[in-house]
Amino acid sequence: MKVIIYGGVDFLPKEKSFERFVHHILYRLCIQYNSDSFIFLSCGKNSPLHYNNLSVSVAVPFFARPVSKVWCNNKVVSAIKKSGADILISLNDRLVPTLIHQILIISGTTDIKTIKAAARYLNSGKRCSIIISSALMKEKLVKKILPESAVFVLPQAPGLMYQPVDWEKRETVKSKYTTGREYFLIPVSSMPYHHIINTLKAFSQFKKWQQTNMQLILWGSLLYDKRVKDLLQTYKYRDDVKVIGNTDNEAGYAAAVASCMAMIYLPAADETAIVLAEAMQCGTPVITAKTGALSETGGDAVLYCNPADIKDLAGSMMKLYKDEKLRRSLISKGLERVSPLNETTAMEMLSHYIRQVVTT
């Protein structure tokens, strides 16, 4: 079997994105299945898709740069024909007009243009399918215009650095961020402003009820929003709130997740729930909302609340702070629930699906 993986023009998948995850899985397939041929095809001088000598880079000449995408697509079609490939996997949400079956990797259902293009492509009698990361996303795509048989779910697995830590490591992390005190962790990059405000209000209520030295860490780039900074200046418990804006340090973030008493994760929407899965793999209890794919991934292993109800959110904090039995139960259920989400399983699923598509 010969597979072409196309990365588009100067393709570089974002960290923790679904494309990055699939890209990594494809590399593992390339290493493990020596009997198959994987060719990484991209445009541009500095392609991140190089793997030994199994990559082909289509150079974009100076005169073609204003229309590089169109120019590259034409060259890609030619390269696919010459290669004799059985299947094309596109990592850049862009259909290529080819006679062989092609698979699109899509991170979210908001890319309506690509979804409609795929539907038109299928309606024309050509072979195409889409790989996404959750059953929720599949339901949305099928509800719109795509046939169910054309959409395949490949759950995204947390990275290997997200693991439970021992007592000594936890104490080191707490000493670094909260002078040794327990803390709730909030990843705020995908959290709307009003949810941050409600969480701070709920934390105030929790502190009044419990009279504890618990800390709150806000971790993420949204913290540079001036409204949050202004609010924290007058916040009653501002000395108990820590702001960590270094989102580039994933190892540090993973350690902070594994060392907190609980994570509070309240995004506006989440179609992959990878942040939740990372916390569960760390053995960290999570307070979250039934939105997006969170309940699909979390099941009964997380504590749900209404982000608009401050007392409900504060009550959830109180439960995890006081009820050790509940914490242990959520940790155990979370580890069990997330255990099937790993790269090896994903690699086997993807390999089986590719072979199924090629032989159908």
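Above: the structure in question.
Residues numbered from 1 in each chain as written. Predicted model: local features only at pLDDT ≥ 70, side-chain atom pairs only at ≥ 80, totals over all residues. Heavy atoms only, no water.

Participant: It is not clear to me how the overall build of the protein chain should be interpreted in this structure. Could you clarify?
Facilitator: The helix and strand tally for the protein chain stands at 13 helices and 13 strands. When burial is assessed residue by residue, the protein chain has 52% of its 360 residues classed as buried. Residue pairs in contact within the protein chain that sit at least 24 positions apart in sequence constitute 67% of those at least 6 positions apart. By element, 53% of the accessible surface of the protein chain is carried by carbon and sulfur atoms, the whole surface being about 16900 Å². (Helix = DSSP H or I, 4+ residues; strand = E, 2+ residues; numbered from the N terminus. Buried < 20%, exposed > 50% of the residue type's maximum accessible area, 1.4 Å probe, protein only. Contact = heavy atoms within 4.5 Å. Areas by Shrake-Rupley, 256 points an atom, 1.4 Å probe, with all protein chains shown as cover.)

Participant: Would you explain the packing of aromatic side chains in this entry?
Facilitator: In this description, a pair of aromatic rings is defined by centroid distance and the angle of the planes. A complete count under the given rule lists 9 aromatic pairs for this structure. Summarising the aromatic geometry, the rings of Phe203 and Phe206 are spaced 6.2 Å apart at their centres and angled 25 degrees between planes, so their arrangement reads as stacked. Taken together, the residues Phe203 and Phe206, both in helix H6 (residues 193–210) and 3 residues apart, mark about one turn of the helix. Judged by its relative accessible area of 0%, Phe203 falls in the buried class. (Phe/Tyr/Trp six-rings, centres within 6.5 Å; stacked < 30°, edge-to-face > 60°.)

Participant: What exactly am I supposed to notice about helix H13 (residues 343–359) here?
Facilitator: Residues three or four positions apart in an α-helix share a direction because the helix packs 3.6 residues into each turn. The end-to-end C-alpha separation of H13 is 24 Å, in line with the 24 Å expected for 17 residues at 1.5 Å each. Looking only at H13, the buried set comprises Glu343, Ala346, Met347, Leu350, Ser351, Tyr353, Ile354 and Val357. Down the axis of H13, the buried set is contained in an arc of 165 degrees. They therefore lie on one face. Pointing more than 90 degrees away from the buried face of H13 are the exposed residues His352 and Thr359. Structurally, the start of H13 carries an N-cap: the backbone nitrogen of Thr344 is 3.2 Å from a side-chain oxygen of Asn342. (Expected span 1.5 Å × (residues − 1). Arc of directions from axis to C-beta. Polar contact = N/O pair within 3.5 Å; in protein donor to acceptor, adjacent residues only side chain to side chain.)

Participant: Quick question: what am I supposed to make of the side chain of Lys174 here?
Facilitator: Inspection of the secondary structure assignment puts Lys174 in helix H5 (residues 167–178). Of the residues examined, Lys174 reaches a relative accessible area of 4% and is grouped as buried. Among residues more than four places away in sequence, those in contact with Lys174 are Thr179, Gly180, Arg181, Glu182, Tyr183 and Ser259.

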